[in-house]
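Topology and contacts: notes
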Amino acid sequence: MKFAIISAGEGSRLSQEGVQLPKPLVQLNGVAMIDRLIHIFAQNGAEEVVVIINNEVPLTKAHLHELEKTSEVPLRVVVKTTPSSMHSFYELSRYLKDDRFCLTTVDTIFREEEFARFIEAFKAFDGDGMMAVTDYIDDEKPLYIGTDAANRITGFYDSLQPDTRYISGGIYCLSPKSIVTLEKCMAQGMSRMRNFQRQLVADGLRLKAYPFSKILDVDHADDIVKAEAFLNGQD
């Protein structure tokens, strides 16, 4: 199973708030976020980790190229500036077509033990995809997820609906069938991951929600403090 990381944003909000390092290299408890994810993926049996970074930040490029030499798991780095996360996913997709995979963004913060259970659940799941969800809302524009009694995903919404107990945690375990949907979305000029997820439902893929207690994103300087506290069990 492969793992993939979208790390192509510039982290402009962080830099505007005085954070000097580019987002992938921002440290949580002394470890760069990109390094943390790669290590967690290695611990969960990654055959390869594919990462996309933009072409604008030399420090990130240098760091990743050094990691390619020393990483505990085979690492493939794609350097390309893209206009959206979905475009970044599309650039990664050529390396993900041959097997099931897990995709997330570099600033997604979760508990390692919950992630390990999530990956094991996906490996045992015979459907087309499993999405990490949480009832903890920390997102400025949350994507609400409709589910039935068995946690099968019925829809993705921009606002609260009667069947939405959870929001998206931004961690996607998917089968190669999802790449067909992604290519359709790109051909239709879509650019948002949430529209891709809606298309997965429209195309009839079997998706299941997997609840996490909490998932955080690091978009602002004070999110770094919150993320460290969360990882240290202080939330």
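Higher on the page you've got the structure.
So, here's what we can say about the structure. (Residues numbered from 1 in each chain as written. Predicted model: local features only at pLDDT ≥ 70, side-chain atom pairs only at ≥ 80, totals over all residues. Heavy atoms only, no water.)

Attention shifts here to the overall build of the protein chain. Helix and strand counts for the protein chain stand at eight helices and 13 strands. The C-alpha atoms of the protein chain give 17 Å as radius of gyration, which agrees with the globular expectation for 235 residues (18 Å, within 12%). Its C-alpha atoms give the protein chain principal-axis dimensions of roughly 45 × 40 × 35 Å. Looking at the 235 residues of the protein chain, the share that counts as buried comes to 52%. A sequence separation of at least 24 residues applies to 75% of the contacts in the protein chain between residues at least 6 apart. Carbon and sulfur atoms make up 47% of the accessible area of the protein chain, which totals about 10,500 Å². Between the mean site of the 26 positive side-chain charges and the mean site of the 34 negative ones, the protein chain shows a separation of 5 Å. (Helix = DSSP H or I, 4+ residues; strand = E, 2+ residues; numbered from the N terminus. Rg over C-alpha atoms; globule rule 2.2 N^0.38 Å. Buried < 20%, exposed > 50% of the residue type's maximum accessible area, 1.4 Å probe, protein only. Contact = heavy atoms within 4.5 Å. Areas by Shrake-Rupley, 256 points an atom, 1.4 Å probe, with all protein chains shown as cover. Lys, Arg positive; Asp, Glu negative; His and termini not counted. Charge placed at Lys NZ, Arg CZ, Asp CG, Glu CD.)

A few words now on unusual backbone geometry. Backbone geometry at asparagine 29 places phi at a positive 55°, although glycine is not the residue there. Within the element layout of this structure, asparagine 29 appears in the loop between β2 (27–28) and β3 (31–32). Although it is not a glycine, asparagine 151 sits at a positive phi angle of roughly 65°. One can find asparagine 151 in the loop between β9 (144–147) and β10 (153–157). You can call asparagine 151 buried: its relative accessible area is 13%.

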